[in-house]
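# Report on the structure
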Amino acid sequence: SDAGNPDTASHFYTDLEMYTSSNDSPDPWNYFENWITAEIAQKENQWNGNNYHRWSNKQYDDLVAAAKSETDAAKRTQQFIQMNDLLVDNVVVIPQVDRLGPQAFANEVQNPQLTAWDETPWNIANWTKKG
């Protein structure tokens, strides 16, 4: 995170970089916010922006802004799908691996409900045991 260190992810001086992210919320909006133009990491903001790729797309920015305040779940879902399509179609991200890896539960565990947006036990309070 040192603005003077050229070897940080925010400087991104390569053609391809492994980029991983974690999200403290099951809401995907936080994930998609990382690629808005206002978040571009650059010298002017001391490399503090989250858009390390420095990709800018007005359509994407507009979708993120709309999703931030959209209350209709179906519309919001479609906005997230469109944002994801823009990221993938423009080769901003190349989805490769689910870093959570394989998950396994005893046959007695019910309702684990896995999600790509959070840790495995995110809903552990709702797990029950058969029998």
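Heads up: the structure comes first, above all this text.
Cut-offs and rules
- Residues numbered from 1 in each chain as written.
- Predicted model: local features only at pLDDT ≥ 70, side-chain atom pairs only at ≥ 80, totals over all residues.
- Heavy atoms only, no water.
- Helix = DSSP H or I, 4+ residues; strand = E, 2+ residues; numbered from the N terminus.
- Buried < 20%, exposed > 50% of the residue type's maximum accessible area, 1.4 Å probe, protein only.
- Contact = heavy atoms within 4.5 Å.
- Areas by Shrake-Rupley, 256 points an atom, 1.4 Å probe, with all protein chains shown as cover.
- Salt bridge = Lys/Arg side-chain N within 4 Å of Asp/Glu carboxyl O.
- Core = buried A, V, L, I, M, F, W, Y, C linked by side-chain atoms within 4.5 Å.
- Phe/Tyr/Trp six-rings, centres within 6.5 Å; stacked < 30°, edge-to-face > 60°.

A count of helical and extended segments in the chain gives three helices and two strands. Walking the chain from its N terminus toward its C terminus, one meets helices and strands in the order α-α-α-β-β. Split into buried and exposed, the 131 residues of the chain put 29% on the buried side. The long-range share in the chain, meaning contacts at least 24 apart out of those at least 6 apart in sequence, stands at 41%. If you sum the accessible surface of the chain, you get close to 9,100 Å²; carbon and sulfur atoms cover 49% of it.

Two side chains bearing opposite charge may form a pair once their charged atoms approach each other closely. Tallying each qualifying case throughout the model produces two salt bridges. Here R76 and D27 are joined by a salt bridge, their closest N and O atoms 3.1 Å apart. You can see R76 sitting in helix 3 (residues 73-89) and its partner D27 sitting in the segment before helix 1 (29-32), a full 49 residues away along the chain. D27 sits in the partly exposed class, given a relative accessible area of 28%. As a salt-bridge pair, K58 and D62 come within 3.0 Å of each other at their nearest N and O atoms. Placement of the pair is K58 and D62 together in helix 2 (residues 58-69), with a separation of four residues, close to one helical turn.

Attention now moves to the nonpolar core. In this structure, F32, W35, W55, Y60, M83 and L87 are the most contacted members of the largest nonpolar core, which totals 16 residues. Elements supplying a minimum of two residues to this core: helix 1, helix 2 and helix 3.

This part covers the environment of G49. Relative to the elements of secondary structure, G49 occurs in the loop between helix 1 and helix 2. For the pair formed by G49 and N34, sequence separation is 15 residues and the distance between their alpha carbons is 8.3 Å. Apart from the residues lying within four places of it in its own chain, the contact partners of G49 are E39, I40 and A41.

Turning to the packing of aromatic side chains, a few remarks are in order. Tallied over the full model, the rule gives five aromatic pairs. An angle of 15° between the planes, with centres 5.5 Å apart, marks the rings of F32 and F80 as stacked. Placement of the pair is F32 in helix 1 and F80 in helix 3, with a sequence separation of 48 residues. Arranged with centres 5.3 Å apart and planes meeting at 90°, the rings of F105 and W127 form a pair that is edge-to-face. Here W127 lies in the loop between strand 1 (109-110) and strand 2 (128-129) and F105 lies in the loop between helix 3 and strand 1, a separation of 22 residues in the sequence. On the accessibility criterion, F105 (28% relative accessible area) is partly exposed. An aromatic cluster of three or more residues is present, and its members are Y31, F32, W35 and F80.

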